[in-house]
Amino acid sequence: MQIVFRISRQTLDCAQIFQDYTIEVDKSKTILDCLNQIKWTLDGTLAFRKNCRNTICGSCAIKVNGIASLACKENVGHFIDENIDNSSNIIEVTPLGNFPLIKDLVVDMRKFWENLEAISPYVKIKSTPEREFLQTEQERDKLNQTSNCISCGACYSECNAIMVNSEFVGPHALAKAQRLLGDSRDTATAERLQEYGQSITGVWGCTRCYQCNSVCPMDVEPMEQIGLIKQKILKTQQSKETRAVRHRRVLVDLVEQGGWIDERKFGLLVVGNNFRDIKGLASLFPLGIRMLLTGKFPGIFHPSQGVQEVSALIKSVKATIKKDDSRN
Ligand code: SF4
Ligand code: SF4
Ligand code: FES
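Residues numbered from 1 in each chain as written. Chains lettered and ligands numbered in written order. Predicted model: local features only at pLDDT ≥ 70, side-chain atom pairs only at ≥ 80, totals over all residues. Heavy atoms only, no water.

**A short note on the site of ligand 2**
Next up, step 1: The full set close to ligand 2 counts 13 residues, and Cys159, Cys206, Thr207, Cys209 and Cys212 are the nearest of them.
Next up, step 2: Those elements that provide at least two residues to the shell around ligand 2 are helix H9 (211-215) and helix H10 (222-240).
Next up, step 3: For the shell around ligand 2, a count of residues per class yields 10 nonpolar, 2 polar and 1 charged. (Near = heavy atom within 4 Å. Helix = DSSP H or I, 4+ residues; strand = E, 2+ residues; numbered from the N terminus. Nonpolar A, V, L, I, M, F, W, Y, C, P; charged D, E, K, R; others polar.)

Quick look at the structure:
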């Protein structure tokens, strides 16, 4: 069948133009096969990256019809509509987003690699063992998904956080960060959690837009990996039980018990730390007296309607989190 490839052409000092190339191809051919055919038979000046042709090296990522894809993985059939006239089947090919351009479909990936370097993407150990490291099968299995990353840049290209926040290290780097946190040989967990929890550069910079998960050709699911790091950071903070952490825990516990918050207990448990923080308790007195005098202090607590349902929901969420924690 005849297919029109509409390809973005641009050099550093020129405006972008689109050039059409019509080629005869089978729908089973990959987009990379088609780009090669165009380059070898129609226009030798077209620039794009490629290497393994087998979804291993990550070099050939580009945008096809606006979506970041691996050119050697996607085939023509995926992008055409067989019910319309062949000449109307146009496949648009553009460079990855969020990267400066070098030429045509070739982008400058320096920042991508620098960001990866920023998360210390190697196992850190306190002392070198006399013999090789041993890992159980289960310990190794935990690394399978994140180790599948081929650093293609598709997730970085579509990342909404990168688009607006140049400090954010990106989904590829944080997926690698989770790979290292999950590695039984690594001894730098505390230092890593501190580093990855930096406000806008680390995990909290992610807007949870899901784009990285949807384009990753290796099913690394970077957004899920970011979620796992967040859970680990929060767990560390919980073990320190700061007032902010206690605030969140007490709030959930009280809603689980009564369907809504029992105001009589809330301050005592959070600020007074269940009668352990004398200074905190003392600070509550003026407020308590003001509430009593204005009739705002609830003498009796009435659970909300549907409390069993609320309680069951919270219990089920807690059980899921516990299960996830034990898996990771
Ligand atoms: S996480 Fe997926 S999309 Fe991102 S660089 Fe790795 S393989 Fe590519
Ligand atoms: S989910 Fe987060 S990391 Fe993934 S693309 Fe969206 S903002 Fe970027
Ligand atoms: S050429 Fe290596 S992943 Fe496509």
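**Structural notes on the nonpolar core**
Next up, step 1: By size, the foremost hydrophobic cluster in this structure holds 57 residues, and its most contacted members are Phe5, Ile7, Ile31, Val76 and Ile91.
Next up, step 2: Both of domain 1 (2-107) and domain 2 (110-240) provide at least three residues apiece to this core.
Next up, step 3: Ignoring anything within four residues of it in the chain, the contact list for Ile7 reads Ile17, Phe18, Gln19, Tyr21, Leu35, Ile38, Leu46, Val93 and Leu105.
Next up, step 4: Counting residues in each nonpolar core, the second largest holds 7 residues, with Val270, Val271, Leu281 and Leu284 among its members. (Core = buried A, V, L, I, M, F, W, Y, C linked by side-chain atoms within 4.5 Å. Buried < 20%, exposed > 50% of the residue type's maximum accessible area, 1.4 Å probe, protein only. Domains from an automatic or database assignment. Contact = heavy atoms within 4.5 Å.)

**A closer look at the pattern of salt bridges**
Next up, step 1: Enumeration over the complete set of coordinates arrives at 15 salt bridges.
Next up, step 2: The shortest N-O distance in the salt bridge between Arg9 and Asp104 comes to 3.1 Å. You can see Arg9 sitting in strand E1 (residues 2-9) and its partner Asp104 sitting in the loop between strand E6 (101-103) and strand E7 (106-107), a full 95 residues away along the chain.
Next up, step 3: Taken together, the shared-partner salt bridges in this structure form one network comprising Arg249, Asp253, Glu256, Lys315 and Lys318. (Salt bridge = Lys/Arg side-chain N within 4 Å of Asp/Glu carboxyl O.)

**With respect to the packing of helix H7 (residues 171-181) against helix H8 (residues 189-196)**
Next up, step 1: Running from N to C, H7 and H8 cross one another at 160°; their axes reach a closest spacing of 10 Å. One way to sum up the angle between H7 and H8 is to call them roughly antiparallel. Judged by the sense of rotation from one axis to the other, the crossing of H7 with H8 is left-handed. Across the interface between the two elements, Ala177, Leu180 and Leu181 from H7 touch Thr189, Arg192, Leu193 and Tyr196 from H8. (Axes fitted to C-alpha atoms, helices over the stretch in contact; angles between N-to-C directions. Parallel < 35°, antiparallel > 145°, perpendicular 65-115°, else oblique. Left-handed = near helix turned anticlockwise from the far one by under 90°.)

**Notes on the site of ligand 1**
Next up, step 1: For ligand 1, the set of nearby residues contains 13 residues, the closest of which are Cys149, Ile150, Cys152, Cys155 and Cys216.
Next up, step 2: Classifying every residue of the shell around ligand 1 gives 10 nonpolar, 3 polar and no charged.

**Here's the deal with the domain arrangement of the protein chain**
Next up, step 1: Structurally, the protein chain comprises domain 1 (2-107), domain 2 (110-240) and domain 3 (243-327).
Next up, step 2: With centres defined by C-alpha atoms, the gap from domain 2 to domain 3 works out at 34 Å.

**Looking at the side chain of His172**
Next up, step 1: With respect to the element layout, His172 can be found in helix H7.
Next up, step 2: Since its relative accessible area comes to 3%, His172 is described here as buried.
Next up, step 3: Among the polar contacts made by the side chain of His172, one reaches the main-chain carbonyl oxygen of Phe112 at a distance of 2.9 Å. (Polar contact = N/O pair within 3.5 Å; in protein donor to acceptor, adjacent residues only side chain to side chain.)

**A look at the side chain of Asn89**
Next up, step 1: Position of Asn89 relative to the elements: it lies in the loop between strand E4 (67-70) and strand E5 (90-94).
Next up, step 2: When its relative accessible area of 5% is taken as the criterion, Asn89 is described as buried.
Next up, step 3: A polar contact of 2.9 Å, which involves the side chain of Asn89, links it to the backbone nitrogen of Asp81.
Next up, step 4: Excluding residues that lie within four positions of it along the chain, Asn89 makes contacts with Ile3, Val4, Ile80, Asp81 and Ile84.

**With respect to unusual backbone geometry**
Excluding glycine, most residues fall at negative phi; most peptide bonds, likewise, are trans.
Next up, step 1: Even without a glycine there, the phi angle at Arg53 is positive, about 60°.
Next up, step 2: By secondary structure assignment, the location of Arg53 is in the loop between helix H1 (31-41) and strand E3 (61-64).
Next up, step 3: A positive phi angle, near 80°, is found at Tyr210, a position not held by glycine.
Next up, step 4: On the secondary structure map, Tyr210 appears in the loop between H8 and H9.

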